[in-house]
Amino acid sequence: MFREILFDIEQFAATTTDLAAVQRFTVDAIATRLPHYDWVGFYMLVPEDRTMLVLGPFHGAPTDHVRIPVAQGICGAAVAQGETIVVDDVAADPRYLSCSIETRSEIVVPIRVHGEIVGEIDIDSHTPAAFGAKDRSFVEECAAVVGNFLEAAS
Ligand code: SME
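Note that the structure is predicted; figures quoted are calculated from it, not measured.

Draft legend 1. Just the site of the ligand, in detail. As a structural note, the neighbourhood of the ligand is formed by 13 residues, with I74, C75, L97, E106 and D124 the closest of them. A distance of 3.0 Å separates a nitrogen atom of the ligand from a polar side-chain atom of E106. Measuring from an oxygen atom of the ligand, one finds a side-chain N or O atom of D124 at 2.9 Å. Alone, the ligand offers 310 Å² of accessible surface; in the complex the protein occludes 100% of this. For the shell around the ligand, the secondary-structure elements that each account for two or more residues are strand 1 (39-46), helix 3 (73-81) and strand 6 (116-125). For the shell around the ligand, the element with the highest residue contribution is helix 3, accounting for 3 residues. In terms of residue class, the shell around the ligand is made up of 8 nonpolar, 2 polar and 3 charged.

Draft legend 2. Layout of the environment of G147. Structurally, the position occupied by G147 is in helix 4 (residues 133-153). Contact partners of G147, with chain neighbours within four places excluded, come to I111, R112 and V113.

Draft legend 3. View of the packing of helix 1 (residues 2-13) against helix 4. The contact between helix 1 and helix 4 brings their axes to 10 Å, and the two run at 5 degrees. Considering the angle they form, helix 1 stands roughly parallel to helix 4. Residues F2, R3, I5, L6, I9, E10 and A13 of helix 1 touch helix 4, and the partners they reach there are K134, D135, F138, E141, C142, V145 and F149. Residue composition of the contact of helix 1 with helix 4, grouped by class: 9 nonpolar, no polar and 5 charged.

Draft legend 4. Spatial organisation of the sheet that holds strand 4 (residues 85-87). Pairing in this open sheet of 6 strands is antiparallel, and the strands run 3-2-1-6-5-4 from one edge to the other. Where the open sheet ends on each side, the last strands, each with one partner, are strand 3 (67-69) and strand 4. Here the average twist between neighbouring strands, direction ignored, is 25 degrees. Sheet analysis places strand 1 next to strand 2 (residues 49-59), joined by 6 bridges and oriented antiparallel. Directly across from V40, in strand 2, lies its bridge partner H59. Most of the contacts of helix 4 go to strand 5 (residues 105-113), to which it runs at about 30 degrees, and overall it touches strand 1, strand 4, strand 5 and strand 6.

Draft legend 5. Spotlight on the pairing of strand 5. Judged by how many residues are buried, strand 5 sits mostly within the fold: 8 of 9 residues are covered. Relative to strand 5, strand 4 runs antiparallel, the two sharing 3 bridges. Within strand 5, the position partnered with I85 by the bridge is V108. The loop that links strand 5 with its antiparallel partner strand 6 comprises 2 residues; one of these, H114, has a positive phi angle of about 50 degrees.

Draft legend 6. Spotlight on the nonpolar core. Membership of the largest hydrophobic core comes to 31 residues, with the highest contact counts inside it found for I30, Y37, I121, I123 and F138. Those elements that provide at least two residues to this core are helix 1, helix 2 (19-33), strand 1, strand 5, strand 6 and helix 4. Per-element accounting of this core gives the leading share, 8 residues, to helix 4. In contact with I30, not counting residues within four places along its chain, are I5, Y37, V40, I123, F138 and C142.

Rules and cut-offs
- Residues numbered from 1 in each chain as written.
- Predicted model: local features only at pLDDT ≥ 70, side-chain atom pairs only at ≥ 80, totals over all residues.
- Heavy atoms only, no water.
- Near = heavy atom within 4 Å.
- Polar contact = N/O pair within 3.5 Å; in protein donor to acceptor, adjacent residues only side chain to side chain.
- Areas by Shrake-Rupley, 256 points an atom, 1.4 Å probe, with all protein chains shown as cover.
- Helix = DSSP H or I, 4+ residues; strand = E, 2+ residues; numbered from the N terminus.
- Nonpolar A, V, L, I, M, F, W, Y, C, P; charged D, E, K, R; others polar.
- Contact = heavy atoms within 4.5 Å.
- Axes fitted to C-alpha atoms, helices over the stretch in contact; angles between N-to-C directions.
- Parallel < 35°, antiparallel > 145°, perpendicular 65-115°, else oblique.
- Pairing = 2+ DSSP bridges.
- Buried < 20%, exposed > 50% of the residue type's maximum accessible area, 1.4 Å probe, protein only.
- Core = buried A, V, L, I, M, F, W, Y, C linked by side-chain atoms within 4.5 Å.

Following this line, the structure appears as structure tokens:
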């Protein structure tokens, strides 16, 4: 299923120059086809203020965390550290900002354009430790597709 979803996102990205459309397609494809991926969304750095992330297209319950400073949350930490963060048990991570009381685990993957982080994909699961090595590779490949899309557009 990972291969098929990635293929579909790549195919869609080749048909448009609209970032938001690619993001919407991506969150919908992931969240509707992978049962344990309960909330899927983009947070993007504000170009004029790279200390702030702003919520982009998402699939799942609305969240209060529309703006997240890079100094806060697991979302902020992924940008600050410049790497993927997987949290198997959000209740045990003091950085965690709660979006839903049902969330048990989370993965956040930075999106890079010419090596510079521009945003991230954030995924929550109601299942503990839902994101293993294969999930991590898959989400990192999704982030690379969006990064490549933005590079081609820049
Ligand atoms: N859990 C994230 C906040 C975003 S919501 O999950 C949608 C965090 O700790 O940064």
